[in-house]
Amino acid sequence: AVVSTQSTGAVCNARNQPNFHAYAMFYFPKLKVTWLPVFKASSTTWKNFIIDQTLPPDVTFNSNHYGYGLIIPFRLDWKKMIGPKTGPRRKRVWEVEPNDSIRFTVIRHPLSRLVSHYRKTMTSPEDQDAFRDRWIKAAIIHARRNRAWSAEKQRDYEKEMDDMLRLDAENPKGSPDNPYLALPTFPELVRFILDVHEPKRLNKHWIPIAQRTDICQNDLDIVMKLENEQNELPYLLERLNLSRFTDDLMSVKRNPSGGKIVAETEVEEHLKLLSKNEQKQLNKLYQIDYDMFGYEPVYV
């Protein structure tokens, strides 16, 4: 069964969960649904499906029919929330979103999300280019910087690293002794997450789901676990009044790149690279997701 909103509400009350002011939701009038994407939980599949069902086939963003920018106009802007008014109380706080709209999201075990993002980034030059300034360079520097280096050597090493990670770099060359010229290991990424990132600044690909969705505030109607998608997808589409699109969505899901789940063994293999204390700290970071959505911590 999908995650019970009653159970998440009980956890919200018990934890006195703070409001993260995360309104990352999109309302699509044509479908009469509101979607809150969780990255690395089939968000690309749902984005592409929604674009196909709501926008003309020839529309593009940066020459891409499935460009993320195409759905930005549908985002529920917090600046346009309805302020206090007299009259009947509205369930929804955006005037464009009707009270009977269905809000949904798809989630995934947080450690599976983290490992999936790491694996894909390490094998995709395009992702390395995209994430070099978001976390890759910072994680490498955090793990390998030698404070005995001169400022000039530090700048030279960083420049060589930047060239290595850029798709448009021509014949990037690096010094043989530059430790920055290897991609970050999984333990280096984890140490970067644990040591450097403040809770409110966590990358969207590994931020706790409860924080990404702001589950205690956003009044979601349906929370589906990607791990149970085979059984829960028909129910979700029925609730969204989108059963007529089942074949369209399933054709996307049958695509080898659509909605892949990282095997438990792969998650465990990555966790084996961490110390017991790092595993403990990482699971502690995601304890809110374990409590909220019924996932279990993973130790090896």
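Residues numbered from 1 in each chain as written. Predicted model: local features only at pLDDT ≥ 70, side-chain atom pairs only at ≥ 80, totals over all residues. Heavy atoms only, no water.

Caption draft 1: The overall build of the protein, seen in detail. Of regular secondary structure, the protein possesses 12 helices and 4 strands. Counting over 300 residues, the protein shows a buried share of 48%. Expressed as a percentage of contacts within the protein between residues at least 6 apart in sequence, the contacts between residues at least 24 apart total 68%. Surface summary for the protein: the accessible area is close to 16200 Å², and the carbon and sulfur share equals 49%. (Helix = DSSP H or I, 4+ residues; strand = E, 2+ residues; numbered from the N terminus. Buried < 20%, exposed > 50% of the residue type's maximum accessible area, 1.4 Å probe, protein only. Contact = heavy atoms within 4.5 Å. Areas by Shrake-Rupley, 256 points an atom, 1.4 Å probe, with all protein chains shown as cover.)

Caption draft 2: Focus on the state of the cysteines. This structure, assessed with the given rule, holds 1 disulfide. With its sulfur 1.9 Å from that of its partner, Cys12 forms a disulfide with Cys216. What sets the handedness of the Cys12 and Cys216 disulfide is the S-S torsion sign, and at about -90 degrees it is left-handed. Remark: Cys216 occurs in the loop between helix H7 (209–213) and strand S4 (222–225) and Cys12 occurs in helix H1 (residues 5–15); sequence separation between them is 204 residues. Classification of Cys12 by relative accessible area gives buried; the value is 10%. (Disulfide = S-S within 2.5 Å.)

Caption draft 3: Examining the sheet that holds S4 more closely. Taken in spatial order, the 4 strands line up as S1-S2-S3-S4 in an open sheet, and their pairing is mixed. The sheet is open, and its two borders are formed by strand S1 (26–28) and S4, each paired with just one other strand. Neighbour-to-neighbour, the strand axes of the sheet open up by a mean angle of 25 degrees, direction not taken into account. Running over the sheet, helix H2 (residues 43–54) touches S1, strand S2 (33–35) and strand S3 (102–107) and is turned about 150 degrees from S2. Docked against the sheet, helix H8 (residues 229–239) engages S3 and S4, running at close to 160 degrees with respect to S4. (Pairing = 2+ DSSP bridges. Axes fitted to C-alpha atoms, helices over the stretch in contact; angles between N-to-C directions.)

Caption draft 4: Summary view of the packing of aromatic side chains. Summed over the entire model, instances satisfying the criterion amount to 12 aromatic pairs. With 5.7 Å between their ring centres and 90 degrees between their planes, Trp46 and Phe49 make a pair best called edge-to-face. Taken together, the positions of Trp46 and Phe49, both in helix H2 and 3 residues apart, correspond to about one turn of that helix. Residue classification places Trp46 among the buried positions, given a relative accessible area of 2%. When the ring of Trp149 is compared with that of Tyr180, the centres are 5.4 Å apart and the planes differ by 75 degrees; the resulting orientation is edge-to-face. In this pair, Trp149 is assigned in the loop between helix H4 (125–144) and helix H5 (151–165) and Tyr180 in the loop between H5 and helix H6 (186–195), connecting sequence segments 31 residues apart. For Trp149, a relative accessible area of 17% translates into the label buried. These aromatic residues form a ring-pair network of at least three members: Phe26, Trp35, Phe39 and Tyr68. Taking NZ or CZ as reference, Arg212 lies 4.9 Å from the ring centre of Phe39, over its face. (Phe/Tyr/Trp six-rings, centres within 6.5 Å; stacked < 30°, edge-to-face > 60°. Lys NZ or Arg CZ within 6 Å of the ring centre and 35° of its normal.)

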